[in-house]
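Structure assessment
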Amino acid sequence: MSLTSLSAVEQSRKLQAGEVSAVDLARAYLDRIDEHNPGVGAFLRYDAERALTAARHIDERRKAGEPLGPLAGVPVAVKDILAEQGERTTCASRMLEEFRAPYDSTVIARLKAADAVLLGRLNMDEFAMGGSTENSALGKTSNPWDLKCSPGGSSGGSAAAVAADFAPLTIGTDTGGSIRQPAAFCGITGMKPTYGRVSRFGLVAFASSLDQVGPMARSAEDLALLYGAIAGHDPQDSTSLNQPIGDLSTISQPLKGLRIGYAKEHFAAGLDGEVDEAVRTALKVYEALGATLVEVSLPHSKYAVATYYVIAPCEASSNLARYDGVHYGYRSDVAKITAELSAQRAALEEAGERRAAEDLDTPLVRMYRQSRSEAFGPEVKRRIMLGTYALSAGYYDAYYLKALKVRRLIRQDFDKVFEQVDVLAGPTTATPAFELGSLVDDPLAMYLVDLYTVSANLAGVPAMSLPCGFSKSGLPIGLQLQAKPLAEETLLRAAYMYQNETEWHLQRPAL
Amino acid sequence: MSLTAADVEKVALLSRLMLSPEELQSLTSEMASIVEYVDQLAEVDTSDVEPMAHAVEMHNVTKDDAVAQSLSREQALATAPKHNNEGYLVPAVLGD
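Residues numbered from 1 in each chain as written. Chains lettered and ligands numbered in written order. Predicted model: local features only at pLDDT ≥ 70, side-chain atom pairs only at ≥ 80, totals over all residues. Heavy atoms only, no water.

Re the side chain of Gln212 of chain A
Threshold: Secondary structure elements follow DSSP: runs of H or I of four or more residues count as helices, runs of E of two or more count as strands, with numbering from the N terminus. Should any heavy atoms of two residues lie within 4.5 Å, those residues are considered in contact.
Mapped onto the elements, Gln212 of chain A comes out in strand 6 (residues 212-217). Beyond its immediate chain neighbours, meaning those up to four positions away, Gln212 of chain A contacts Gly172, Thr173, Asp174, Ile179, Lys192, Pro193, Thr194, Tyr195, Gly196, Arg197 and Val198 of chain A.

Quick word on the domain arrangement of chain A
All names here are of chain A. Let me state the cut-off plainly: Where each domain starts and ends follows an automatic or database-derived domain assignment. Buried area adds together the accessible area that both of two parts lose upon being put together, with accessible area traced by a 1.4 Å probe. Charged residues are taken to be Asp, Glu, Lys and Arg, nonpolar residues to be Ala, Val, Leu, Ile, Met, Phe, Trp, Tyr, Cys and Pro, and polar residues to be all remaining types, Gly included.
One can read the domain layout of chain A as domain 1 (3-234 + 420-506) and domain 2 (324-375). Here the C-alpha centre of domain 2 lies 42 Å away from the C-alpha centre of domain 1. Each partner contributes residues to the interface: domain 1 has six residues there, and domain 2 has six residues. Summed over both partners, the interface of domain 1 with domain 2 comes to about 430 Å²; 69% of that surface belongs to carbon and sulfur atoms. Across the side of domain 1 that touches domain 2, the residue classes break down as three nonpolar, one polar and two charged.

Comments concerning empty space enclosed by the protein
In plain terms, the rule: With a 1 Å grid spanning the protein atoms alone, the term cavity applies to any set of points in which a 1.4 Å probe fits but cannot get out, the term pocket to an open set with protein on both sides within 12 Å along at least five of seven lines, and the term lining residue to any residue with an atom within 4 Å of a point. Grid points are joined across faces, edges and corners, and a volume is the space filled by probe spheres set on the points.
Within the structure shown, the criterion is met by two cavities of 30 Å³ or more. Taken as a whole, the largest cavity spans an internal volume of roughly 80 Å³. Residue lining of the largest cavity: 13 residues in total, with Gly130, Gly176, Ser178, Tyr308 and Asp450 of chain A positioned closest to the centre. Residue composition of the lining of the largest cavity, grouped by class: four nonpolar, seven polar and two charged. Forming the boundary of the second largest cavity are Tyr309, Val310, Pro313, Leu386, Gly387, Tyr389, Ala390 and Tyr399 of chain A together with Ile34, Val35 and Val38 of chain B. Counting residues per element, the ones that place at least two in the lining of the second largest cavity are helix 9 (304-319) and helix 13 (378-391) of chain A together with helix 2 (21-38) of chain B. Sorting elements by how many residues they give to the lining of the second largest cavity places helix 13 of chain A first, with four residues. Tallied by class, residues from the lining of the second largest cavity come to 10 nonpolar, one polar and no charged.

Quick look at unusual backbone geometry
Residues and elements named next belong to chain A. Where we set the bar: The cut-offs for exposure are 20% and 50% of the maximum accessible area for each residue type, with area from a 1.4 Å probe on protein chains only; residues under the lower value are buried, those over the upper are exposed, and the others partly exposed.
Omega for the peptide link from Gly153 to Ser154 comes to 5°, which places this bond in the cis form. Of note, Cys91 is a non-glycine position whose phi angle comes to about 50°, a positive value. Counting through the fold element by element, Cys91 comes out in the loop between strand 2 (75-79) and helix 4 (106-113). Judged by relative accessible area, which is 0%, Cys91 ranks as buried. Positive phi values are uncommon outside glycine, yet Ala128 reaches one of about 70°.

Here's the deal with the UniProt feature "active site" (unreviewed entry) in chain A
All names here are of chain A. Here is the rule we go by: UniProt positions are given in the numbering used here, feature names are shortened, and annotations may be inferred rather than shown by experiment.
Under the local residue numbering, the UniProt record ascribes the feature "active site" (unreviewed entry) to Lys79, Ser154 and Ser178. A stretch of 100 residues holds the annotated residues, and the largest C-alpha distance among them is 11.1 Å, short enough that they meet in one place. Considered against the largest cavity, the annotated residues that line it turn out to be Ser178. By the secondary structure assignment, Ser154 is in the loop between strand 3 (117-122) and helix 5 (156-163). Once you skip the residues sitting within four places of it in the chain, Ser154 turns out to touch Lys79, Asn123, Met124, Asp125, Ala128, Met129, Gly130, Gly131, Thr133, Thr173 and Ser178. Position of Ser178 among the secondary structure elements: in the loop between strand 4 (169-174) and helix 6 (180-186). Looking at Ser178, the relative accessible area reads 6%, which means it is buried.

Remarks on the sheet that holds strand 8 (residues 292-296) of chain A
Residues and elements named next belong to chain A. The criterion, for reference: Note on pairing: two strands pair once DSSP finds at least 2 bridges between them. Axes here refer to lines fitted to C-alpha atoms; in helices the fit is confined to the stretch in contact. Angles between the N-to-C directions go from 0 to 180 degrees.
Spatially, 11 strands are ordered 1-3-2-4-6-5-10-11-9-7-8 in an open sheet, and the strand pairing comes out mixed. Lying at the two open borders of the sheet, with one neighbouring strand each, are strand 1 (43-46) and strand 8. Each neighbouring strand pair of the sheet contributes to a mean axis angle of 30°, computed without reference to strand direction. Note: strand 7 (residues 259-263) against strand 8, five bridges, orientation parallel. Residue pairing in the sheet places Arg259 in a bridge with Thr292 of strand 8.

A short note on the interface of chain B and chain A
The condition that has to hold: Just to be clear on terms, a salt bridge is a Lys or Arg side-chain nitrogen sitting within 4 Å of an Asp or Glu carboxyl oxygen. Definition of a polar contact: a pair of N or O atoms within 3.5 Å, with one able to donate and the other able to accept a hydrogen when the atoms are protein atoms, and with sequence-neighbouring residues admitted only if both atoms are side-chain atoms.
Taken together, the contacts link 55 residues of chain B with 70 residues of chain A. Summed over both sides, the interface of chain B with chain A buries roughly 5600 Å², with 69% coming from carbon and sulfur. When the buried surface of chain B facing chain A is broken down by residue, Met18, Leu41 and Met52 of chain B rank first, second and third, together holding 13% of it. On inspection of chain B and its partner chain A, the count reaches three salt bridges. Notably, a salt bridge pairs Lys381 of chain A with Glu23 of chain B, separated by 2.8 Å at the nearest N-O pair. The interface formed by chain B and chain A contains 21 residue pairs in polar contact (both at pLDDT 80 or more). Mapped by element, the contributors of at least two residues to the side of chain B that touches chain A are helix 1 (5-14) and helix 2 of chain B. It is helix 2 of chain B that contributes the most residues to the side of chain B that touches chain A, nine residues altogether. In terms of residue class, the side of chain B that touches chain A is made up of 36 nonpolar, eight polar and 11 charged.

Comments concerning helix 2 (residues 22-40) of chain A
All names here are of chain A. For the record, the criterion: Bend at a given residue is defined as the angle between two axes, one fitted to the seven residues that end at that position and one fitted to the seven that begin there.
Most pronounced at Asp34, the bend in helix 2 amounts to some 40°, and the proline Pro38 follows within four residues. Of the positions making up helix 2, those classed as buried are Ala22, Val23, Leu25, Ala26, Tyr29, Leu30, Ile33, His36, Asn37 and Val40. On its buried face, helix 2 is in contact with helix 1 (8-16), strand 1, helix 3 (48-63), strand 2, strand 3 and helix 5. Downstream of helix 2 by one or two residues, Gly41 has phi in the positive range, about 70°.

Observations regarding the pattern of salt bridges
Residues and elements named next belong to chain A. Evaluation of the coordinates by the stated rule reveals 27 salt bridges over all chains. For Asp361, the salt bridge goes to Arg369, with nearest N and O atoms at 2.9 Å. Residue class for Asp361 comes out buried when judged on its relative accessible area of 9%. The class of Arg369 is buried, set by a relative accessible area of 9%. One continuous salt-bridge network, built from bridges that share partners, spans Arg45, Arg50, Asp80, Glu84 and Arg121.

See the structure below:
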C-alpha cells in the first residue's frame, strides 16, 4: 500500500512511531503531484524544495526528541485565499497575481505551529465567487473522477487535491457551499464549521458575514485532526467565537439515540433521481444504526438562494472596493489613461459638448475604473455590480434590508428543526458534477446549484458533505449533514458512524 | 421592474468599473434576470421581523488598548503598484 493511500491519522501515527519520515511522505505526494497535476490542475503553485526542507526540519526535531505539533509531518495544501507572509496569495485573480502577503493569516500560522508540511496553493474561483472553479483567472481544474467535469467550486482545487491524493488534508473556504459542493462533486469529506469557529484573520474577504474557513479530507476522522488544529478563538478576528471547540477524541464513539431530520423541501422537484436514491439509502444506514428519522420542514428554504444572492454580492461589492490600484494589486498604465482622457476631452470640446467634457472621469477615478475592469473577471464584476445596485439609493430597503429579514426567518426555521433533531440530513447538491463549460453562460443556473448549501451560511450553522454513493456514470454523490451552532463534534461523530459502516469515502478515482 | 442599459452604466460608475459595449449588453440582461429572480423575496411577510446582519450576533468586541507591533511603512508600501518610499502615488486628483 502506498503512503499516499493512508489516512492522515494513520500517517501521523506512522510518523510518530518512526515507521515513516516526513521527507518520504512529502516526496510521495510531490511525485504524485508532478505526475498528475498537469491533468487535474488542483495546484496553482507548489514548491517541492520548500516542502522537503520543512519536512527534513521536522524529522530532525523528532529525532532530537523535541515536542511537535498535532500535524507534525503531515502534508497540507491550502486554497490560495489565505495570506502567508512573503508568499503569493492570488485568489486566482489577475488583481492579486503578484501580491505577496506581508503577514500570516491565523489559519496559516496555526498550520505552521502544528508542524504541518505546507505543499502549495490550490486553485479556486476568483475571489471564491463561483461553483465550478471555472472563474479562476490563473488555471483550469478538472474533477479527478472525470476530467471533463467540474470539480465544483469555489474550493475546487482543495477538493480535487484530496480526491487525486495530492494531499491528505486541504483547507477550503465556504461562503455559500464552497467547501461542501466541491466535496460532494469530488467524493471527499468537507466541513463548514459554525460561523466564527475558524479565524478569518488574513482570509481575503468575499462576504464577511458568511465566509468560513474549513477542513477538507477523505474521512471525518481526518477532518477532525485538521479542524482541531485550525479552530478556536482568535482575538485578531472580532467575529471569532470564544467557545471551547469540543472533545474531538470521542468522534469514534457512536451517538446513542441520534435523531436525524430530513426536510421535505430537500427532496422536491429538481433533485436528480440517483442523488435522491443515494441519500435515502444513507438515511436507512443511520436507521439501521439505531437513529430515529424525523420528517421536518424548512418553509423558507425556497428563498435561500435569492436571499444569498442579495446579501453576498452586497458584502462583496463593499469588500472588493479595497482593490483600487493604489494600496496593492493591479494598476493599469496611468500614462495611457491620462492620454486617452485628454484625447476624449479634446474631442468633446471640439464638438461643442462642454457639459460632457466636464463630466468625464478625473484621472484618479479613471485609473480605479480601468484597473478594476482589466483585472477582475466577469463573475467578480457581475457580483460587484449586483451588490452596488442592491445597496444604491432607492433599492436598499427593497433588496438588502429585505434579504436580512428573510435571513432571520431562515435561521428561525433551523432553530425550530434543531429543537426536534440533532442532525439534519439531505443532499449536498441536486445533481452530481456537471461538465466543464455547461453552465458558464447562464449565471442564474449556476447560482441555483447552491440551493441546498447556502442556508447553512445564512444561518451560521455547521454543515458538512460526505460521500454516499455514485451515479451510474461513475460520479460521486454527497450527503449533507447540518447541526445546531457549535455542534461540530456531533456532525463529526455522526459522519464517523456512517463512514464506519460504508466505504464510499475510501473509493479513489483512476488517474 | 426592468433594468435599462443606462441604469447599468450608472451602477458601473458607482462600482468603479468600466464596461465595454458587449459587457454592458450582457450585464444588462444577466442582471435583469437575477434581479427578477430575487424579486420573489417581496412575497415574504417580514413585517415583524428584525433584520439579521450576522449569523452570530456579537456586539462591542474590543481588543486591549495596548501598543502592539504592526506593519512597518516599508512592508505596507512594498505591496503598492507605485510609491515613493513615504506614501502611495496616484494620478493627479485635481486638474491634469
